[in-house]
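# Survey of secondary and tertiary structure
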Protein chains: 2
Amino acid sequence: MTRIYNFSAGPSMLPEAVLRRAGEDILDWGGSGMSVMEMSHRGKHFGAIAERAEADLRELLAIPPEYKVLFLQGGATAQFAMVPMNLLRDRTAACYVDTGIWSGKAMEEASRYCQVGVAATAKAGGFTTVPPRSEWRIDSEAAYLHYTSNETINGVEFQDVPDSAGLPLVCDMSSNILSRPVDVSRFGLIYAGAQKNMGPAGITVVIVREDLIGKTIPGTPTVFDYKKHADNGSMLNTPPTYIWYLLGLVLDWLKQQGGVAGIEAQNIRKAQKLYAAIDASAFYSNPIDPAFRSRMNVPFRLADAGLEKIFAAEAAGHGLVALEGHRSVGGLRASIYNAMPEAGVDALIAFMADFERRYG
Amino acid sequence: MTRIYNFSAGPSMLPEAVLRRAGEDILDWGGSGMSVMEMSHRGKHFGAIAERAEADLRELLAIPPEYKVLFLQGGATAQFAMVPMNLLRDRTAACYVDTGIWSGKAMEEASRYCQVGVAATAKAGGFTTVPPRSEWRIDSEAAYLHYTSNETINGVEFQDVPDSAGLPLVCDMSSNILSRPVDVSRFGLIYAGAQKNMGPAGITVVIVREDLIGKTIPGTPTVFDYKKHADNGSMLNTPPTYIWYLLGLVLDWLKQQGGVAGIEAQNIRKAQKLYAAIDASAFYSNPIDPAFRSRMNVPFRLADAGLEKIFAAEAAGHGLVALEGHRSVGGLRASIYNAMPEAGVDALIAFMADFERRYG
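In the nomenclature of an unreviewed UniProt entry, chain A is known as Phosphoserine aminotransferase of Methylococcus geothermalis. UniProt, in the comment section headed Subcellular location (unreviewed entry), describes chain A in these words: "Cytoplasm". Turning to chain A, the UniProt annotation filed under Function (unreviewed entry) states: "Catalyzes the reversible conversion of 3-phosphohydroxypyruvate to phosphoserine and of 3-hydroxy-2-oxo-4-phosphonooxybutanoate to phosphohydroxythreonine."

This is the structure we're talking about:
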């Protein structure tokens, strides 16, 4: 068996230690005589697994006690509707920062439930930067301010938490949660699909300040009501138990990496060396404002775009897979989440140099 | 390692062969160098897994080509809202058959979107039977007729598909799908959470006649739109890939059991011998009308209700776990889905006889 380096934007690589552990437990978890995927979500075994995952997430992100942590289904796409349905309360407008394809999707869905004010947009420049905070126009009557901390497709990442001018701050953190420390107390709500930095696809983490929930707009489906999930420990209905357990294994692994600060040091090293390799060559290029380059998703182009398909195919032959850019933008992209070993980035850089020697 | 017999109502037992196969693949699926849970849902490997699962499900249930098969998130509870949101179209009412706790939940959620007509209810008798079809009152102006083919908590199961008087027939088949043959062409829509007969929790199968979808009520979240999922091969957003794969392994196992007809023969044998043991003793009882007893969920009481906790605890000590009844009704319950081996039912019957000898 040869494990490859998988640069997919998500679902994406998981730590090999997590997979091995899941394999060891698969017929019998902790002497229970059952696989975790067979356990009742109401039983003591799964209860312990679920609680441990929440406790570890609270520890890793230093989540204050007045925040609820929810484990839901439906991915960020469900959150695009759930956020306005739950957080509008008596307001009729919400503010969004438009930094790329994912914030655009969040805005489009929200516009079905409220007036969407655009606090700032980077569209004119092709989504290669974040507009300066001083130029944002925030409607003080809006229910909340929403932004996307890392644009998975465009490769643009906020390096700091923006000031929200007093509005509850809502963040889609799907593609950089747990990759760097963040002050949760600055937020009203954080949501993130698991399939980049937390586990397999099929579970979504929501961290929400409890005073913000409890009032939904008419027509909100029961399973879209944060308060009902919070009141039932995320077991309003059957949760995706096995994925919840796997997410817990990833959190356990993360603690062994020195937590979020420890993994951030690795992520900085991995990203810096990959961008340095791109910048050092006229053969490769990355269009993003250096102040907002993503540590997680590194899009790049070849000077001769006709070579990009060849690059991806040859890389795959060398065990470096899923380097094609998103179908909506083309080009190439290396997603280097927490679980991508530094050796994987080194192998990619070596392949890039070799490819340039042969085709440059 | 000693595997136990798990009588949980769901999540529930999975075939040991499925768990072993998942364990073998966990670091490297088919020489891909990746776990299935690491694969991009857009890549060729997962594409093959997803297509195979759909093809096997179509084969097992003989699903006609004019039906779409969707793999969604959110469980039956999400379907309770999605069904009216998608199937009401220009109508303002829907008809429901009320046979227990789960049909009640479906009705309650639907009543938030439309007028719910009760075609028939078994409430007066404590949900121990299905009202005769001849007594149902079906509103011809209703958008659809909904029923729950097996009441997991109450232990009541339809033995035939009811006539819907020309309305699209909608069925929550969560707890008996794939346990017996069913004529899909009789239905407008079938939905089922996976965690009883199809796999781990976290994926929901929807089988829907394609002419019924494409029009949703205002305010329907995008991820609740069947048509959008159908048009995107259930990849409108990232699906729960690993659970989809595990569901596929269960379908593969089911084909090896002789398909739905083969497993039905096993299910009939298991249920008949368990009900026979209950009926043969005054120490145990099952309150359900024999014509509608569930083959999947067998609730039973002890003549001395004070012994029920002792029964469940002692049974667990013998490797027969999760026999407690649902917290809303109490008593005892043995869920004996497809994956419960006949030897597990035999072991339960032997334990029941022994317990009666000691306490009767």
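### Some details on the overall build of chain A
For chain A, the helix and strand inventory stands at nine helices and 14 strands. Compactness check: chain A gives a C-alpha radius of gyration of 21 Å against a globular reference of 21 Å for 360 residues, within 12% of the reference. By its C-alpha atoms, chain A is 60 × 55 × 30 Å across when sized along the principal axes. Relative to its 360 residues, chain A shows a buried fraction of 62%. In chain A, of all internal contacts separated by at least 6 residues, the share reaching a separation of at least 24 is 66%. When the accessible surface of chain A is totalled, it reaches about 12,800 Å², and 51% of it is carbon and sulfur. Of the charged side chains in chain A, 34 are positive and 39 negative; the average position of the first set lies 2 Å away from that of the second.

### Examining the UniProt feature "binding site: L-glutamate" (unreviewed entry) in chain A
UniProt annotation of "binding site: L-glutamate" (unreviewed entry) refers to Arg42 of chain A when read in the numbering used here. In this structure, Arg42 of chain A sits in the loop between helix H1 (16-25) and helix H2 (44-61). Here Arg42 of chain A is in contact with Met235 and Leu236 of chain A together with Arg327 of chain B, once residues within four sequence places are set aside. Among the polar contacts made by the side chain of Arg42 of chain A, one reaches the side chain of His41 of chain A at a distance of 3.4 Å.

### Considerations on the packing of helix H8 (residues 308-317) of chain A against helix H9 (residues 342-359) of chain A
Axes are the key here: two packed helices are described by the angle between their axes and the distance separating the axes. Residues and elements named next belong to chain A. Following both chains from N to C, one finds H8 and H9 inclined at 130°, their axes separated by 11 Å at the closest point. Overall, the two elements H8 and H9 adopt an arrangement that is oblique. The way H8 lies across H9 gives a crossing that is right-handed. In this structure, H8 contributes Ile310, Phe311, Glu314 and Ala315 to the contact, and H9 contributes Leu348, Phe351, Met352, Phe355, Arg358 and Tyr359. A breakdown of the residues in the contact of H8 with H9 according to their chemical character gives eight nonpolar, no polar and two charged.

### Examining the sheet that holds strand S9 (residues 189-193) of chain A
All names here are of chain A. In spatial order, the strands read S2-S10-S9-S8-S5-S3-S4; together these seven strands make up an open sheet with mixed pairing. Two strands in the sheet have a free side with no partner beyond their single neighbour: strand S2 (67-72) and strand S4 (115-121). Neighbouring strand axes in the sheet, compared pairwise and without regard to direction, differ in orientation by 20° on average. In the sheet, strand S5 (residues 145-148) pairs with strand S8 (residues 169-172) via four bridges, with the strands oriented parallel.

### Details of the relation of the copies chain B and chain A
Of the transformation placing chain B onto chain A, the axial shift is 0.0 Å and the rotation is 180°, giving an RMSD of 0.0 Å. What we have between these two chains is a two-fold relation. The rotation axis passes nearest to the C-alpha of Gly23 of chain B in chain B, at a distance of 2.5 Å. When the interface residues of chain B are mapped onto chain A, 100% of them again lie at the interface, so the same face is used by both copies.

### With respect to the pattern of salt bridges
Taken as a whole and assessed by the stated rule, the structure comprises 52 salt bridges over all chains. The salt bridge involving Asp225 of chain B is made with Lys228 of chain B; its shortest N-O contact spans 3.5 Å. A relative accessible area of 8% places Asp225 of chain B in the buried class. Note on Lys228 of chain B: relative accessible area 36%, which makes it partly exposed. A single network of salt bridges, built from pairs that share partners, joins Arg52, Asp56, Glu59, Asp252 and Lys255 of chain A.

### Brief notes about the interface of chain B and chain A
Counting residues at the interface gives 59 residues for chain B, matched by 59 residues for chain A. In total, about 4,500 Å² of surface goes out of reach between chain B and chain A, with carbon and sulfur atoms giving 60% of it. Between chain B and chain A we count two salt bridges in total. The partner of Glu38 of chain B in a salt bridge is Arg3 of chain A, with the nearest N and O atoms 2.6 Å apart. Where chain B packs against chain A, one counts 24 residue pairs in polar contact (both at pLDDT 80 or more). Secondary-structure elements contributing two or more residues to the side of chain B that touches chain A are helix H1 (16-25), helix H3 (75-87) and helix H6 (241-256) of chain B. Residue composition of the side of chain B that touches chain A, grouped by class: 27 nonpolar, 23 polar and nine charged.

### Concerning the packing of aromatic side chains
Tallied over the full model, the rule gives 38 aromatic pairs over all chains. Between the aromatic rings of Tyr96 of chain B and Tyr144 of chain B, the centroid separation amounts to 5.8 Å while the plane-to-plane angle is 70°, which identifies the pairing as edge-to-face. Taken together, the residues span a long stretch of sequence, with Tyr96 of chain B in strand S3 (residues 93-98) and Tyr144 of chain B in the loop between strand S4 (115-121) and strand S5 (145-148) at a distance of 48 residues. When the centroid spacing of 5.8 Å and the interplanar angle of 40° are considered together, the rings of Phe351 of chain B and Phe355 of chain B count as tilted. Placement of both Phe351 of chain B and Phe355 of chain B in helix H9 (residues 342-359) is noted, with a separation of four residues, approximately one turn of the helix. In this pair, the class of Phe351 of chain B matches that of Phe355 of chain B, namely buried. What links up through ring pairs into an aromatic cluster is the set Phe283, Tyr284, Phe300, Phe311, Phe351, Phe355 and Tyr359 of chain A. The aromatic ring of Trp102 of chain A is capped on one face by Lys105 of chain A, whose charged end is 5.3 Å from the ring centroid.

### Brief notes about the pairing of S4 of chain B
Residues and elements named next belong to chain B. In terms of strand pairing, S3 meets S4 through six bridges, oriented parallel. By the bridge assignment, Val97 is partnered in S4 with Ala120. Note that the unit made of S3, helix H4 (residues 101-110) and S4 has a crossover that is right-handed.

### Let's talk about the sheet that holds strand S9 (residues 189-193) of chain B
Residue and element names in this part refer to chain B. Strand order across the open sheet formed by seven strands is S2-S10-S9-S8-S5-S3-S4, with mixed pairing between neighbours. For this open sheet the edge positions go to strand S2 (67-72) and S4, each flanked by a neighbour on one side alone. Here the average twist between neighbouring strands, direction ignored, is 20°. Sheet analysis places S3 next to S5, joined by two bridges and oriented parallel. Counted as the bridge partner of Tyr96 is His146 from S5. Its contacts with the sheet place H4 against S3, S4, S5 and S9, and it is angled at close to 165° to S3.

Here is what the cut-offs are and how they apply
- Residues numbered from 1 in each chain as written.
- Chains lettered and ligands numbered in written order.
- Predicted model: local features only at pLDDT ≥ 70, side-chain atom pairs only at ≥ 80, totals over all residues.
- Heavy atoms only, no water.
- UniProt positions renumbered as here; feature names shortened; annotations may be inferred.
- Helix = DSSP H or I, 4+ residues; strand = E, 2+ residues; numbered from the N terminus.
- Rg over C-alpha atoms; globule rule 2.2 N^0.38 Å.
- Buried < 20%, exposed > 50% of the residue type's maximum accessible area, 1.4 Å probe, protein only.
- Contact = heavy atoms within 4.5 Å.
- Areas by Shrake-Rupley, 256 points an atom, 1.4 Å probe, with all protein chains shown as cover.
- Lys, Arg positive; Asp, Glu negative; His and termini not counted.
- Charge placed at Lys NZ, Arg CZ, Asp CG, Glu CD.
- Polar contact = N/O pair within 3.5 Å; in protein donor to acceptor, adjacent residues only side chain to side chain.
- Axes fitted to C-alpha atoms, helices over the stretch in contact; angles between N-to-C directions.
- Parallel < 35°, antiparallel > 145°, perpendicular 65-115°, else oblique.
- Left-handed = near helix turned anticlockwise from the far one by under 90°.
- Nonpolar A, V, L, I, M, F, W, Y, C, P; charged D, E, K, R; others polar.
- Pairing = 2+ DSSP bridges.
- Least-squares fit on C-alpha atoms with pLDDT ≥ 70 in both.
- Salt bridge = Lys/Arg side-chain N within 4 Å of Asp/Glu carboxyl O.
- Buried area = accessible area lost by both parts, 1.4 Å probe.
- Phe/Tyr/Trp six-rings, centres within 6.5 Å; stacked < 30°, edge-to-face > 60°.
- Lys NZ or Arg CZ within 6 Å of the ring centre and 35° of its normal.
- Right-handed = clockwise from strand over helix to strand, strands pointing away.

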